[in-house]
Amino acid sequence: MKTSSQPGVWNKARFRYLAVILLAIAFCLASVGCKKESSGSNTSTAPRDQNKAAVQETAQNEATGVLSGKWTGKYYYEDGRKSVDFSGTVQQTGDNIAGQFTEPRTDFGPMLDKITFTFTGTMVNNHVLMVKTYSYNTSHKVNYSGTYYPGEKKIKGNWSIENTSGTFEISVQN
């Protein structure tokens with residue numbers, strides 16, 4: 001068996017071997033854990049590290065106040081009573097949210113043109129839980145549970161107190 005009579009086979013095998021090595025190197029440069037040496041320090045060149053940084057930045061933005069700013073909203077009664085508009089400002093710190101609001105007087109509460117209340121609550125994984133407390137009666141608490149939709153910059157969900165409930169929608173302008 002002479003290898004010199006089949007020089008093309010040997011060259012094709014060598015070419016395939018080198019091609020596989022080059023593909024492995026290219027894959028390594030584009031995959032997780034591959035490090036590039038540069039001036040004595042390791043710098044990651046992996047896209048996964050860039051994606052991880054983007055995810056961390058998104059989490060940081062959410063933690064520092066994606067819900068902070070002016071809110072305008074409306075709540076609806078399940079029994080068909082007239083809906084009520086409200087507006088105010090919110091500050092988000094980490095998962096915690098708190099804000100001051102006003103709404104027009106309804107059939108309940110003091111005889112004022114506008115009624116003030118606070119929202120306090122949390123947002124975790126875009127799920128928002130809040131308690132609405134009226135300034136004229138701090139024992140009158142309304143529970144709100146909803147979902148924040150980042151693309152729409154809206155919170156939508158349900159509210160309830162004792163035997164009364166309904167839905168709500170809030171626009172976040174930050």
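Please read all numbers here as calculations on a predicted model, not as lab measurements.

Asker: Please provide a residue-by-residue account of the side chain of S68, values included.
Answerer: Relative to the helices and strands, S68 resides in the loop between α2 (47–63) and β3 (69–77). Assessed through its relative accessible area of 13%, S68 is described here as buried. Only 2.7 Å separates the side chain of S68 from the backbone nitrogen of Q92, close enough to count as a polar contact. Those residues in contact with S68 that sit more than four places away from it in its chain are V90, Q91, Q92 and N174.

Asker: Break down the environment of K74 for me, citing the residues and quoting the values.
Answerer: Within the secondary structure, K74 sits in strand β3. Those residues in contact with K74, other than ones at most four positions away along the chain, are S83, V84, D85, F86, T167, F168 and E169. There is a polar contact of 3.4 Å between the side chain of K74 and the side chain of D85.

Asker: Explain the nonpolar core to me, and be specific about the residues and the numbers.
Answerer: Where a protein is soluble and globular, its nonpolar side chains tend to be buried together. Counting 25 residues, the largest nonpolar core has L67, W71, Y75, F119 and I155 as the members making the most contacts within it. At the level of secondary structure, the elements contributing two or more residues to this core comprise β3, β4 (84–93), β5 (96–104), β6 (114–124), β7 (127–134), β8 (137–149), β9 (154–161) and β10 (164–173). Examining the composition of this core, we find that 4 residues originate from one element, β6, more than from any other. The residues touching L67, leaving out its near neighbours within four places in the chain, are V90, Q92, I97, M123, V128, Y148, I155, V172 and N174.

Asker: Can you lay out the pairing of β5 for me, pointing to particular residues and giving the numbers?
Answerer: Going residue by residue along β5, you find I97, G99, F101 and E103 tucked away on one face and N96, A98, Q100, T102 and P104 left uncovered on the opposite face. Note that β4 and β5 share 7 bridges and pair antiparallel. Within β5, the position partnered with V90 by the bridge is G99. In this antiparallel pair of consecutive strands, β4 and β5, the connection spans 2 residues, and G94 shows a positive phi of 65 degrees. Pairing between β5 and β6: 9 bridges, direction antiparallel. Pairing of I97 across the sheet is with G121, part of β6.

Asker: Can you lay out the packing of aromatic side chains for me, pointing to particular residues and giving the numbers?
Answerer: Across all of its chains, the model carries 16 aromatic pairs by this definition. Their ring planes at 65 degrees and their centres at 5.8 Å tell us that Y75 and Y77 sit as a pair that is edge-to-face. You'll find Y75 and Y77 in the same group, each marked buried. A ring pair is formed by F86 and F119, whose centres lie 6.0 Å apart and whose planes are at 70 degrees; its orientation type is edge-to-face. Of this pair, F86 sits in strand β4 while F119 sits in strand β6; the two residues are 33 residues apart in sequence, bridging distant segments of the chain. Residue F86 shares its accessibility class with F119, and that shared class is buried. Pairwise contacts between aromatic rings join W71, Y75, Y77, F86, F101, F117, F119, Y134, Y136, Y144, W159 and F168 into one cluster. When the ring centre of Y77 is taken as reference, the NZ or CZ atom of R81 above it lies at 4.2 Å. The ring of F117 carries K132 above its face, with NZ or CZ at 4.4 Å from the centroid.

Quick notes on the rules
Residues numbered from 1 in each chain as written. Predicted model: local features only at pLDDT ≥ 70, side-chain atom pairs only at ≥ 80, totals over all residues. Heavy atoms only, no water. Helix = DSSP H or I, 4+ residues; strand = E, 2+ residues; numbered from the N terminus. Buried < 20%, exposed > 50% of the residue type's maximum accessible area, 1.4 Å probe, protein only. Polar contact = N/O pair within 3.5 Å; in protein donor to acceptor, adjacent residues only side chain to side chain. Contact = heavy atoms within 4.5 Å. Core = buried A, V, L, I, M, F, W, Y, C linked by side-chain atoms within 4.5 Å. Pairing = 2+ DSSP bridges. Phe/Tyr/Trp six-rings, centres within 6.5 Å; stacked < 30°, edge-to-face > 60°. Lys NZ or Arg CZ within 6 Å of the ring centre and 35° of its normal.

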